[in-house]
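So you can see what is in the structure, the chains are spelled out below.
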Amino acid sequence: MVIRLIVLSFVALFLVTGCLLNSPKNNVEEAHISDEAAKIERERASLPPPAKEPIRNIVPGKGNCAPQALKGETITACCNNKPCLGHCVASSKGTVQCDCYGTKGGCGKGLVCCKFRRACVPADECVGP
């Protein structure tokens, strides 16, 4: 009886070992990225590091003059009833001004305040990860 148990244990061991050696994970080829995809990835502008300090004292805007945000990727507000490409930020003196991640007054013409880039950039460069 003991010999039969030992023989069955060895048979089971050989079957399990054979299954593990022939499992699909051992036959999977390594993924390959096409040269074109690799080139596009190298050329894509990388995201800048996060701002040194988060923007503090963001306050709600006043009025209905905020420019339309692009695809939810840009930040707009209406600060002191003036359109703002950025956040409404309260200063230490209590005044409210437009600011886009350190750009006082918000972004200039042709630029958007991009959440992902944390800066003023052309609209076509405001692409998230």
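The text that follows walks through the structure, step by step, so that each part is easy to find. Counting starts from 1 at the beginning of each chain's written sequence and moves along it residue by residue. The predicted nature of this model means local features are confined to residues of pLDDT at least 70 and side-chain atom pairs, given and counted, to a pLDDT of 80 or more, with totals for whole chains, interfaces and linings taken over all residues. Only hydrogens and water are removed before side-chain values are computed, so all heavy atoms of the structure are retained for them.

### Topic: the overall build of the protein
Inclusion rule: In this description a helix means any DSSP run of H or I spanning at least four residues, a strand means any run of E spanning at least two, and both kinds are numbered starting from the N terminus. Type-normalised accessible area, obtained with a 1.4 Å probe on protein chains alone, sets the label of each residue: buried when under 20%, exposed when over 50%, and partly exposed for intermediate values. Contacts are residue-level and defined by heavy atoms, with any inter-residue pair within 4.5 Å sufficient. Surface accessibility follows the Shrake-Rupley procedure with a 1.4 Å probe radius. Residue values consider only the protein chains on display as shielding.
Of regular secondary structure, the protein possesses 2 helices and 7 strands. Along the protein, helices and strands appear, N-terminal first, in the series α-α-β-β-β-β-β-β-β. Put simply, the protein has 129 residues, and 20% of those count as buried. A separation of at least 24 residues holds for 31% of the contacts in the protein among residues at least 6 apart in sequence. As presented, the protein carries roughly 10200 Å² of accessible surface, and 60% of it is formed by carbon and sulfur atoms.

### What to know about the sheet that holds strand β5 (residues 103-104)
For clarity, the cut-off: Pairing between two strands is assigned when DSSP locates at least 2 bridges connecting them.
Pairing is antiparallel in the open sheet, where 3 strands are placed in the order β3-β4-β5. Unpaired on one side and paired on the other, β3 (87-90) and β5 mark the two borders of the sheet. Both β3 and strand β4 (residues 96-100) contribute to a ladder of 4 bridges, which runs antiparallel. Its bridge partner lying in β4, His 87 is registered against Asp 99.

### Some points on the pattern of salt bridges
Our working definition: Throughout this description, the term salt bridge denotes a Lys or Arg side-chain nitrogen within 4 Å of a carboxyl oxygen of Asp or Glu.
This structure, assessed with the given rule, holds 1 salt bridge. The residue Asp 99 makes a salt bridge to Lys 104 at a minimum N-O spacing of 3.4 Å. Owing to a relative accessible area of 4%, Asp 99 belongs among the buried residues under this scheme. A relative accessible area of 59% means that Lys 104 is categorised as exposed.

### Re the environment of Gly 63
Note that Gly 63 resides in the loop between α2 (35-43) and β1 (77-79). Accessibility expressed as a relative area gives 47% for Gly 63, which makes it partly exposed. Each C-alpha atom, one on Gly 63 and one on Ala 77, is 8.9 Å from the other, the two residues being 14 residues apart in sequence.

### Description of the pairing of β3
Side chains His 87 and Val 89 project from β3 onto one buried face, and the interleaved Cys 88 and Ala 90 project onto a second face that is buried too. In sequence, β3 turns back onto β4 through a hairpin of 5 residues, with Gly 94 there showing a positive phi of about 95°.

### Here we look at the pairing of β4
When β4 meets β5, the two strands line up antiparallel, connected through 2 bridges. Bridge pairing links Cys 100 to Thr 103 in β5. Between β4 and β5, which pair antiparallel in sequence order, lie 2 residues; one of them, Tyr 101, sits at a positive phi of approximately 45°.

Take it as geometry only, folks, not as evidence of what the structure does.
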